[in-house]
Amino acid sequence: MAQTSFEQAQKLSQQSGKPMFIMLGRDGWPSCKVLERRFVTEPALRPFVVQFVPLKLNVDSDDANKVRRKFPIQGNSLPFVYVIRADNKQIYGASGGLPGDQLPAVMREALRQAGRILSPAQENSLSAATALAKTAFEAGD
């Protein structure tokens, strides 16, 4: 998990269009260690992981408290796991680890709900087409 600041992860998410995968936990807490290890070592998760902005926060930190206030979830088992879209819409939030097939299933569904990230060429093409359509609309064409 690369990012350690909610603000920094949020900025990267907004710039890239990638959703944030947030884990609030404690160092040394068994279920937190398991989830973090899975996130970085399981080959089957790699295609999903690169499509997120990962964020790991200590559950007692100020940033973690901001996340919990802004995106409340039910339960009190660590870790707390969130997926937040680039526009700050919460896609997923749950208490407790994601054992077995739950983690890839959550990641797959979150990516489906997050929408597609356009390449720079696609973004330029869409912007040009939108500008052309706007000009045509304003001209009554």
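Structure report, in brief. Just so it is clear, the model here is predicted, and its values are computed rather than measured.

### Considering the side chain of D63
Here comes step 1: Take D63: it is sitting in helix α4 (residues 62-70).
Here comes step 2: According to the relative accessible area criterion, D63 is buried, its value standing at 17%.
Here comes step 3: Beyond its immediate chain neighbours, meaning those up to four positions away, D63 contacts T4, S5, F6 and L57.

### Here we look at the pairing of strand β3 (residues 80-84)
Here comes step 1: Most of β3 is tucked away: 5 of the 5 residues are buried.
Here comes step 2: Residues F80, Y82 and I84 line one face of β3 and the alternating positions V81 and V83 line the opposite face, and both faces are buried.
Here comes step 3: Bridging between strand β1 (residues 20-25) and β3 involves 5 bridges; their strand directions are antiparallel. Looking at β3, one finds that F21 is bridged to V83.
Here comes step 4: Pairing of β3 with strand β4 (residues 90-95), which is carried by 5 bridges, proceeds in the antiparallel orientation. Within β4, the residue paired with V81 across the bridge is A94.

### Topic: the sheet that holds strand β2 (residues 53-58)
Each strand in a sheet pairs with another by means of backbone hydrogen bonds, the pair being arranged parallel or else antiparallel.
Here comes step 1: Taken in spatial order, the 4 strands make up an open sheet running β2-β1-β3-β4, and their pairing is mixed. In this open sheet, the two edge strands, each paired with only one partner strand, are β2 and β4. With direction set aside, neighbouring strand axes in the sheet form an average angle of 10 degrees.
Here comes step 2: Running over the sheet, α4 touches β1, β2 and β3 and is turned about 110 degrees from β2.

### Quick word on the side chain of N88
Here comes step 1: Relative to the helices and strands, N88 resides in the loop between β3 and β4.
Here comes step 2: Discounting residues that sit within four places of it in the chain, N88 has contacts with Q10, Q14, M20, K70 and F71.

### A look at α4
Here comes step 1: The complete set of buried residues in α4 reads D63, A64 and V67. Take α4 and look down its axis: the buried residues cluster within an arc of 100 degrees, on one side only. Relative to its buried face, α4 has exposed residues pointing more than 90 degrees away, namely D62 and R69.
Here comes step 2: Tucked inside the fold, the buried residues of α4 contact α1 (6-16), β1, β2 and β3.

About the cut-offs
Residues numbered from 1 in each chain as written. Predicted model: local features only at pLDDT ≥ 70, side-chain atom pairs only at ≥ 80, totals over all residues. Heavy atoms only, no water. Helix = DSSP H or I, 4+ residues; strand = E, 2+ residues; numbered from the N terminus. Buried < 20%, exposed > 50% of the residue type's maximum accessible area, 1.4 Å probe, protein only. Contact = heavy atoms within 4.5 Å. Pairing = 2+ DSSP bridges. Axes fitted to C-alpha atoms, helices over the stretch in contact; angles between N-to-C directions. Arc of directions from axis to C-beta.

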